[in-house]
Amino acid sequence: QVQLVESGGGLVQPGGSLRLSCVASGSIFSIDSMGWHRQAPGKQRELVASIAIGGGITHYPDSVKGRFIISRDNDKNTVYLEMSSLKPEDTAVYYCCFGGIRLRIGDRGRDYWGQGTQVTVSS
């Protein structure tokens with residue numbers, strides 16, 4: 001069984017910084033990618049960052065580009081999201097996702113999600 005545990009959320013002032021972490025536990029054969037999504041009340045869940053396991057290619061939407069940085073530690077099955085210059089618009093529940101997890105060789109990959117961590121940017 002695979003579980004993802006997130007940490008690092010909280011309340012920060014505009015312009016502040018936070019670092020989110022997500023650790024996966026369980027027997028994992030392989031992973032294709034890691035990423036972060038967020039969802040604000042009344043809005044659709046949106047991708048904010050992703051990184052490929054193999055080549056380390058990253059992707060950011062324009063809304064966070066230049067302010068957020070995603071990184072990973074493959075040996076520890078951990079993904080991080082460093083957020084700076086935070087804005088009130090960044091307030092949301094942030095979810096980590098490990099994409100294409102295979103438990104055994106030959107399995108078709110599937111996605112696993114964390115429970116979410118609240119990030120609130122306010123004065």
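First, a word on scope: everything that follows refers to the structure included in this document. (Residues numbered from 1 in each chain as written. Predicted model: local features only at pLDDT ≥ 70, side-chain atom pairs only at ≥ 80, totals over all residues. Heavy atoms only, no water.)

### Considering the sheet that holds strand β7 (residues 68-73)
Hydrogen bonds between backbone groups are what pair the strands of a sheet, and the pairing can be parallel or antiparallel. Taken together, four strands build an open sheet; the order of strands is β1-β3-β8-β7 and the sheet is antiparallel. Because the sheet does not close on itself, it has two edges, and the strands there are β1 (3-7) and β7. The average angle at which neighbouring strand axes cross in this sheet is 15°, direction not considered. Where β1 and strand β3 (residues 18-25) come together, five bridges link them in antiparallel fashion. Looking across to β3, one finds that Glu6 is bridged to Cys22. (Pairing = 2+ DSSP bridges. Helix = DSSP H or I, 4+ residues; strand = E, 2+ residues; numbered from the N terminus. Axes fitted to C-alpha atoms, helices over the stretch in contact; angles between N-to-C directions.)

### Focus: the side chain of Glu6
Relative to the elements of secondary structure, Glu6 occurs in strand β1. Side-chain polar atoms of Glu6 contact the backbone nitrogen of Cys96, separated by 2.2 Å. In terms of polar contacts, Glu6 uses its side chain to reach the backbone amide nitrogen of Gly116, at 2.8 Å. Once you skip the residues sitting within four places of it in the chain, Glu6 turns out to touch Ser21, Cys22, Trp36, Tyr94, Tyr95, Cys96, Gly114, Gln115, Gly116 and Thr117. (Polar contact = N/O pair within 3.5 Å; in protein donor to acceptor, adjacent residues only side chain to side chain. Contact = heavy atoms within 4.5 Å.)

### Some remarks on the packing of aromatic side chains
Geometrically, a pair of aromatic rings is defined through the distance of the ring centres and the angle of the planes. Scanning the model with the defined rule gives zero aromatic pairs in all. The residue whose ring lies beneath Arg19 is Tyr80, and the NZ or CZ to ring-centre distance is 4.1 Å. Over the aromatic face of Tyr95 sits the side chain of Arg45, whose NZ or CZ is 3.9 Å from the ring centroid. (Phe/Tyr/Trp six-rings, centres within 6.5 Å; stacked < 30°, edge-to-face > 60°. Lys NZ or Arg CZ within 6 Å of the ring centre and 35° of its normal.)

### So, the nonpolar core
A general trend in soluble globular proteins is that nonpolar side chains are found buried together. Counting 31 residues, the largest nonpolar core has Trp36, Leu81, Met83, Tyr94 and Phe98 as its most contacted members. For this core, the secondary-structure elements that each account for two or more residues are β3, β4 (33-39), β5 (46-52), β7, β8 (78-83), β9 (92-101) and β11 (117-121). The contact partners of Met83, leaving out residues within four places of it in the chain, are Gly16, Ser17, Leu18, Leu20, Arg67, Phe68, Tyr94 and Val119. (Core = buried A, V, L, I, M, F, W, Y, C linked by side-chain atoms within 4.5 Å. Buried < 20%, exposed > 50% of the residue type's maximum accessible area, 1.4 Å probe, protein only.)

### A word on the state of the cysteines
This model, assessed by the stated rule, comprises one disulfide. Each sulfur of the disulfide joining Cys22 and Cys96 lies 1.9 Å from the other. Taken together, the positions of Cys22 in strand β3 and Cys96 in strand β9 put the pair 74 residues apart, joining distant regions of the chain. Like Cys96, Cys22 is buried. Cys97 takes part in no disulfide bond, and the closest cysteine sulfur, belonging to Cys96, lies 7.7 Å away. (Disulfide = S-S within 2.5 Å.)

### Some thoughts on the pairing of β7
Sheet topology places β7 next to β8; six bridges connect them, and they run antiparallel. Counted as the bridge partner of Ile70 is Leu81 from β8. Connecting the antiparallel pair β7 and β8 is a turn made up of four residues, with Asn77 showing a positive phi of about 50°.

### Brief notes about the environment of Phe68
Tracing the sequence through the fold places Phe68 in strand β7. Excluding residues within four positions of it along the chain, Phe68 makes contact with Arg38, Tyr60, Leu81, Glu82, Met83, Ser84, Leu86, Asp90 and Tyr94.

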